[in-house]
Amino acid sequence: MIDERRKQPRKPCNLKVPFSVGESKDMAPEMLLHGETADVSATGLSLIADHPLQPGQVVSFGNQRLSGTVRWCEKLDHFYRFGVKFN
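Residues numbered from 1 in each chain as written. Predicted model: local features only at pLDDT ≥ 70, side-chain atom pairs only at ≥ 80, totals over all residues. Heavy atoms only, no water.

Participant: Whenever I open this one, the nonpolar core confuses me. Can you help?
Facilitator: As a rule of thumb, nonpolar side chains are buried together in soluble globular proteins. By size, the foremost hydrophobic cluster in this structure holds 13 residues, and its most contacted members are Phe19, Leu47, Leu53, Val59, Phe61 and Phe82. When residues of this core are traced back to their parent elements, those giving at least two are β2 (16-22), β4 (44-49), β5 (58-61) and β7 (80-86). For Leu53, the contacting residues outside a window of four places in its chain are Phe19, Val21, Leu33, Val59, Val70, Cys73 and Phe82. (Core = buried A, V, L, I, M, F, W, Y, C linked by side-chain atoms within 4.5 Å. Buried < 20%, exposed > 50% of the residue type's maximum accessible area, 1.4 Å probe, protein only. Helix = DSSP H or I, 4+ residues; strand = E, 2+ residues; numbered from the N terminus. Contact = heavy atoms within 4.5 Å.)

This is how it looks when you write it as structure tokens:
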């Protein structure tokens, strides 16, 4: 499990969300994926999806109105959980 480094309290949150992934905030998204939120805070969230992401990739939600940077990714049984810090 990832060391706890959050400064904001997190709240459990289970929502199915579509999101896009790109290499930077200014570039067009490279792929559209779907996942489920695990928890959320004022500064970020964690998602569970069936596709691995790399730290540094940019994730956008809601037609790119909200975005964040992948900070970590861990493999679960058949899924991946990753943390996103909001930009």
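Participant: When you look at the pattern of salt bridges in this model, what are you seeing that I'm missing?
Facilitator: Pairing between side chains of opposite charge can happen when their charged atoms approach one another. Under the defined criterion, the tally for this structure stands at 2 salt bridges. In this structure, the salt-bridge partner of Arg10 is Asp39, at a minimum N-O distance of 3.7 Å. Taken together, the positions of Arg10 in the segment before β1 (11-12) and Asp39 in strand β3 (residues 31-40) put the pair 29 residues apart, joining distant regions of the chain. Look at Arg10 and you get partly exposed, because its relative accessible area is 41%. (Salt bridge = Lys/Arg side-chain N within 4 Å of Asp/Glu carboxyl O.)

Participant: Sorry if this is basic, but what is going on with the packing of aromatic side chains here?
Facilitator: This structure, assessed with the given rule, holds 2 aromatic pairs. Among the aromatic residues, ring-to-ring pairing joins Phe19, Phe61 and Phe82 into one connected group. (Phe/Tyr/Trp six-rings, centres within 6.5 Å; stacked < 30°, edge-to-face > 60°.)

Participant: Looking at this structure, I do not really get the environment of Pro18. What am I missing?
Facilitator: Tracing the chain through its elements places Pro18 in strand β2. Considering only alpha carbons, one finds Pro18 and His34, 16 residues apart in sequence, at a separation of 4.3 Å. Apart from residues lying up to four places away in sequence, Pro18 is in contact with Leu32, Leu33, His34 and Phe61.

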